[in-house]
Amino acid sequence: MTSLMKHLALAAAVAAAPLMAATSASAEGETYILVSHAPDSDSWWNTIKNGLALAGKQMDVQVEYRNPPTGDLADMARIIEQAAASSPTGIITTLADYDVLSGPIRNAVDSGIDVIIINSGTPQQARDLGALMYVGQPEYDAGLAAGQRAKADGISTFLCVNHYISSPSSTERCQGFADGLEVELGNQMIDAGQDPSEIKNKVLAYLSANPETDAVLTLGPTSADPTIQALEENGMAGDIYFGTFDLGEEIVKGIKAGIINWGIDQQPFLQAYLPVIVMTNYHRYGVLPGNNINSGPGFVTADGLEMVEKFAGEYR
C-alpha cells in the first residue's frame, strides 16, 4: 500500500498538482457509493464487491454497493440519483449506456460530488461528464486485440455470445473482435439473454445451423458457463477455438482443461479497489493521478494459472 501511495503522489506532483486544491485529511464521514449496471444474477461482480470492501477497510471509509436487481438501466439511473441525493463523498459508477446514464451522472458532478467512471463507457465520456477519471478496460480495443490474436491463430468465422446486448460496451467487444479478424460482424453475434438454459440452447442451435464456425467468443461467466455445457453436449469441447472475456471459476476450469484457449482479464478487483484509494487520497491530501487507469486487457492462458485459479471469482 505504501508503494501505491507513493506512485499516486508522484503522478499527481508531475502531472496534476496545479489542478487540485487540498482538502481536509479527516476520515470522518467519508462515504463512497459504487453503482453498477449488473443484475443480481451476475456472479462476475462479486470480485467488484470484494475489491470495494477491501479498499474501504484499508482506507477506513464507508463503502456501499448498489445495483438494479434485474440489470434495468433506467432503474440504475434512479439509483445514481438516489445515491447523489444522500450526499456521499464520492460516487463510483459504470457507464453502460451513455444516453440513459449521462444525465444523472452529470447532475451528481454539478452538485459537487466527485465521480469516477469504471468498467464501461470510455475515458472521453468520463471527461465529458466531468468525472475525475476512468478506470477500466477499453472494450473495443480489448475485442480488437482478441480478434487479432485469433486471426493469427487461423480463425476467420466466429460466434459472439452476447448475454447483455442492451449494453453498448458488450457490442463493442464483439465488433472489436470482428474488426480484429478483418471480417463483418453481421449475424455472428447473437442476443443470448441471461438465462443459462436459453444461452446453451441458442449456442447449440447456432453451431448446428452454422457448422463452418471456427470459434466461439463469450463475454463473461454468464455466457461462458452455459457455452461450455453446450460444447460438451455437442462434442465440440476442446475442438472449437474458444475465447472469453473475464474470469470465473468455470472459465478457469475450462482454460485448465483445454476447452477455452484464453480469457481476457480486465481485473475487476482493480476497477473497484483503485477508485476508493484514489478518491480517499484526493479528498484527504489533494493528490490525483494525472491519467486514466487501464485495468486491462490481459490474456490468461493455461500457462501461469496458479494465482488466477486460487483467486478466481474472489479477487480475479
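Residues numbered from 1 in each chain as written. Predicted model: local features only at pLDDT ≥ 70, side-chain atom pairs only at ≥ 80, totals over all residues. Heavy atoms only, no water.

(A) Just the sheet that holds strand E5 (residues 133–136), in detail. Pairing within the open sheet is parallel, and its 6 strands lie in the order E2-E1-E3-E4-E5-E11. Looking at the sheet topology across the chains shown, the edges are occupied by strand E2 (62–66) and strand E11 (293–294). Two elements, strand E1 (residues 31–35) and strand E3 (residues 90–94), share 4 bridges in a ladder whose sense is parallel. By the bridge assignment for E3, Val 35 is matched with Thr 93. Packed on one face of the sheet, helix H3 (residues 73–85) meets E1, E2 and E3 and runs near 170° to E3. Of the strands in this sheet, E1, E2, E3, strand E4 (114–118), E5 and E11 touch helix H11 (residues 268–285), which is tilted by about 160° from E4. (Pairing = 2+ DSSP bridges. Helix = DSSP H or I, 4+ residues; strand = E, 2+ residues; numbered from the N terminus. Contact = heavy atoms within 4.5 Å. Axes fitted to C-alpha atoms, helices over the stretch in contact; angles between N-to-C directions.)

(B) Focus on the pattern of salt bridges. In total, this model carries 11 salt bridges according to the counting rule given. Note that Arg 173 and Glu 139 form a salt bridge whose closest N and O atoms lie 2.8 Å from each other. With Arg 173 in helix H7 (residues 168–181) and Glu 139 in helix H6 (residues 139–152), the pair connects residues that are 34 residues apart, well separated along the chain. As far as the burial class goes, Arg 173 and Glu 139 line up, both buried. Residue Lys 256 pairs with Glu 309 through a salt bridge whose shortest N-O separation is 3.0 Å. (Salt bridge = Lys/Arg side-chain N within 4 Å of Asp/Glu carboxyl O. Buried < 20%, exposed > 50% of the residue type's maximum accessible area, 1.4 Å probe, protein only.)

(C) Seen up close, the sheet that holds strand E8 (residues 215–218). In space, the 6 strands of this open sheet follow the order E7-E6-E8-E9-E10-E12, with mixed pairing throughout. Only two strands of the sheet have a single partner each, and these edge strands are strand E7 (189–191) and strand E12 (298–300). For this sheet, the mean inter-axis angle between neighbouring strands, taken without regard to orientation, is 20°. Taken together, the 3 bridges between strand E9 (residues 241–245) and strand E10 (residues 262–265) define a ladder with parallel strand orientation. What sits directly across from Thr 244, in E10, is Gly 263. Running at roughly 165° to E9, H6 makes contact with E9, E10 and E12 of the sheet.

What is shown is where atoms sit, not what they do.
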